[in-house]
Amino acid sequence: MPLLDQLQKDLVAAMKAKDEMKLSTVRMIKTALQKATVADPSKPLTEAAEQQLLKSLVKQRIDAADMFRKGGREELALKEEAERVLIEAYLPASASDEEIEAAVTSALAETGATSAKQMGLVIKAAQAKLAGKTVDGKLLSDKVKAKLA
């Protein structure tokens, strides 16, 4: 089912359940997707572009929660984290540490990389092996860096 259709269905369900948190989060996601569609109407939004947009929304929530915590606003930080969890529900499953480790090891063997200068090549190969899963770029980068050091 296309993401916008799923969001519309979830929007109706949240309205019926009177779940304000889910309702506002689903509306926010739907609005972001529609803005992206309107920004370039010549081409439809691909599934990869939708996922990238959702990942950026997740990152915004993480950053906002950190800022609220630094400012002593724990209740707003918790709200941001709840939104992040709801947004992540629309993303594919995250890759486990073991899967990331296996992909990095395989990418290193495949590329024959031995120095930190070749880190980008290894990361690209590892991401190709983890296609279809959500991968934290920083975690992947740290694992590659540790193997090459």
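Each value, and the rule that gives it
- Residues numbered from 1 in each chain as written.
- Predicted model: local features only at pLDDT ≥ 70, side-chain atom pairs only at ≥ 80, totals over all residues.
- Heavy atoms only, no water.
- Helix = DSSP H or I, 4+ residues; strand = E, 2+ residues; numbered from the N terminus.
- 1 Å grid on protein atoms, 1.4 Å probe; cavity = no way out; pocket = protein on both sides within 12 Å on 5 of 7 lines; lining within 4 Å.
- Points joined across faces, edges and corners; volume = space filled by probe spheres on them.
- Nonpolar A, V, L, I, M, F, W, Y, C, P; charged D, E, K, R; others polar.
- Contact = heavy atoms within 4.5 Å.
- Axes fitted to C-alpha atoms, helices over the stretch in contact; angles between N-to-C directions.
- Parallel < 35°, antiparallel > 145°, perpendicular 65-115°, else oblique.
- Left-handed = near helix turned anticlockwise from the far one by under 90°.

Trainee: For this particular structure, what's the right way to read unusual backbone geometry?
Mentor: Excluding glycine, a negative phi dihedral is what most residues carry, and trans is how most peptide bonds are arranged. For Lys18, which is not glycine, the phi torsion reads 55° and is therefore positive. Its place among the elements puts Lys18 in the loop between α1 (3–17) and α2 (20–39).

Trainee: Is there a simple way to think about the layout of surface pockets in this case?
Mentor: Taken as a whole, the largest pocket encloses approximately 510 Å³ of empty space. Val58, Ile62, Thr134, Val135 and Asp136 are the residues nearest the centre of the largest pocket, which is lined by 20 residues in total. Counting residues per element, the ones that place at least two in the lining of the largest pocket are α3 (47–70), α5 (97–111) and α7 (137–148). Per-element accounting of the lining of the largest pocket gives the leading share, seven residues, to α3. Residues belonging to the lining of the largest pocket are distributed by class as follows: nine nonpolar, five polar and six charged. The computed volume of the second largest pocket comes to approximately 160 Å³. Classifying every residue of the lining of the second largest pocket by side-chain character gives three nonpolar, four polar and two charged.

Trainee: Where do I start with the side chain of Glu83 in this structure?
Mentor: For Glu83, the location among the structural elements is in helix α4 (residues 74–88). Other than its neighbours up to four places away in sequence, Glu83 contacts Met21, Thr25 and Arg61.

Trainee: Is there a simple way to think about the packing of α2 against α3 in this case?
Mentor: The angle between the axes and the distance between the axes are what describe a pair of packed helices. α3 packs onto α2 with a crossing angle of 130° between their chain directions and a minimal axis gap of 11 Å. What the angle tells us is that α2 and α3 run oblique. Crossing handedness for the pair α2 and α3: right-handed. Each of Met28, Ile29, Ala32 and Leu33 in α2 lies in contact with α3, whose residues at this interface are Glu50, Leu53, Leu54, Leu57 and Arg61. By residue class, the composition of the contact of α2 with α3 is seven nonpolar, no polar and two charged.

Coordinates in, geometry out; function isn't part of it.
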